[in-house]
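# Analysis of the macromolecular model
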Amino acid sequence: MSQTLSTRTAPGWLAWAALGVVYVVWGSTYLAIRFTVESMPPLLSGGLRFVLAGLVLTLAVLVLAGRGALRMSWAQLGSAVLIGLLLPAWGNGMVVIAEQHLASGLAALLIASVPLYVVLLRRLLGERPPVITMVGVGIGAGGLALLLLGGPVEGAHGSAGWALWLVLLAALGWSVGSVASTRLPVPANPFTLSAVEMMAGGTAMMIVGLVSGERMDLTRVTTGSWIAWVYLILFGSLLAFSSYVFVLGKLPVSTVATYAYVNPVIAVVLGVLFAGERFGMAQFAGGLVVLAAVVLVVRAEQRPKPEPPCGEMSVPDGRVRS
């Protein structure tokens with residue numbers, strides 16, 4: 001990590017390596033969240049891990065890149081805080097609540113709807129996605145309906161139908177934050193951006209947790225929850241979340257969104273192997289339809305776009321604009 005690791009100067013291979021980290025590590029975090037919330041309050045534990053990871057990352061930037069890497073304008077700070085409220089707080093916060101009553105693999109399948117949300121948001125912002133992209137969104141909506149009709153698979157504290165809708169709402173927040181990060185002015189150093197986002201989002205989660213009555217009873221926290229929580233800090237937050245913020249500044253959003261059809265596969269397999277999760281035929285079919293729709297959308301978005309008229313300058317879709 002150094003000042004040279006910015007969205008403009010980092011080598012191209014590094015972005016693909018970071019995307020690989022997001023593929024693998026985030027797929028495993030759904031299971032880690034399930035084990036964490038078995039004996040820890042969801043918002044307090046989730047918020048604390050983001051705050052700690054943000055502080056560690058800030059210190060790392062300061063030591064390895066110098067104070068200059070932490071500089072940002074008020075507009076950039078405001079954008080980073082807003083994105084932090086949308087990604088860690090809204091997106092992850094609702095997932096950790098839902099996973100008390102929802103299987104980790106099913107939560108991951110529902111979060112796979114993020115690329116579909118992104119397409120709809122782009123359409124609302126005035127862009128015109130290809131027809132095949134919109135067809136994929138329609139297919140994905142059908143797959144989500146199958147998942148919802150199949151009902152929840154039991155989580156750490158039983159099952160609840162509202163948890164399905166909460167994850168879909170979390171996916172919306174994550175999608176808005178992802179799109180916003182490519183359009184708002186943000187700090188030049190992606191690790192600084194990631195640190196601010198995690199501290200802002202984590203603080204919001206802890207405040208909401210305390211207000212809603214959550215309390216941390218350390219005597220009741222199991223060894224398994226401690227291990228999963230530490231894993232989420234080191235790998236889910238410090239490594240994978242920072243990698244996600246980094247690749248958003250290097251690769252088109254449509255390419256970054258491919259993590260959404262890799263994560264669920266990993267999450268489902270891990271949930272079946274280590275948490276005994278089982279899925280009905282409707283849920284299995286719905287998951288396959290959603291993943292097929294996401295693949296269709298992402299492939300359509302990756303097709304080369306027509307060259308702009310002579311004299312005009314094109315800006316790659318999904319790049320950070322600051």
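This text gives an overview of the structure that appears in the document. Everything quoted here is computed from the prediction, not taken from an experiment. (Residues numbered from 1 in each chain as written. Predicted model: local features only at pLDDT ≥ 70, side-chain atom pairs only at ≥ 80, totals over all residues. Heavy atoms only, no water.)

Next up on the list: the environment of Ala300. Relative to the helices and strands, Ala300 resides in helix 12 (residues 281-301). Sequence separation of Ala300 and Val131 is 169 residues, and the distance between their C-alpha atoms is 9.1 Å. Residue contacts for Ala300: discarding those within four places in its chain leaves Ile132 and Thr133. (Helix = DSSP H or I, 4+ residues; strand = E, 2+ residues; numbered from the N terminus. Contact = heavy atoms within 4.5 Å.)

Attention now moves to the environment of Leu218. Positionally, Leu218 belongs in the loop between helix 8 (190-211) and helix 9 (223-248). It is 8.4 Å that separates the C-alpha atoms of Leu218 and Met40, two residues lying 178 residues apart in sequence.

What follows covers helix 6 (residues 131-149). Its 19 residues place the ends of helix 6 28 Å apart at the C-alpha level, agreeing with the 27 Å of an ideal helix rising 1.5 Å per residue. Listed as buried for helix 6 are Thr133, Gly136, Val137, Gly140, Gly143, Leu144, Leu147 and Leu148. Seen end-on, helix 6 carries its buried residues on one side only, within an arc spanning 140 degrees. In this structure, helix 6 carries Val131 and Leu149 as exposed residues pointing more than 90 degrees from its buried face. Of the residues one or two after helix 6, Gly151 is the one with positive phi, at around 80 degrees. (Expected span 1.5 Å × (residues − 1). Buried < 20%, exposed > 50% of the residue type's maximum accessible area, 1.4 Å probe, protein only. Arc of directions from axis to C-beta.)

Side-chain pairing between opposite charges can occur once the charged atoms of the two side chains come close. Within the structure shown, the criterion is met by 3 salt bridges. Between Glu127 and Arg122 there is a salt bridge; the shortest N-O distance is 2.8 Å. The buried category is assigned to Arg122, whose relative accessible area is 9%. With a shortest N-O distance of 2.3 Å, Arg183 and Glu127 are connected by a salt bridge. Within this pair, whereas Arg183 is found in the loop between helix 7 (162-181) and helix 8, its partner Glu127 is found in the loop between helix 5 (114-124) and helix 6, the two being separated by 56 residues in sequence. (Salt bridge = Lys/Arg side-chain N within 4 Å of Asp/Glu carboxyl O.)

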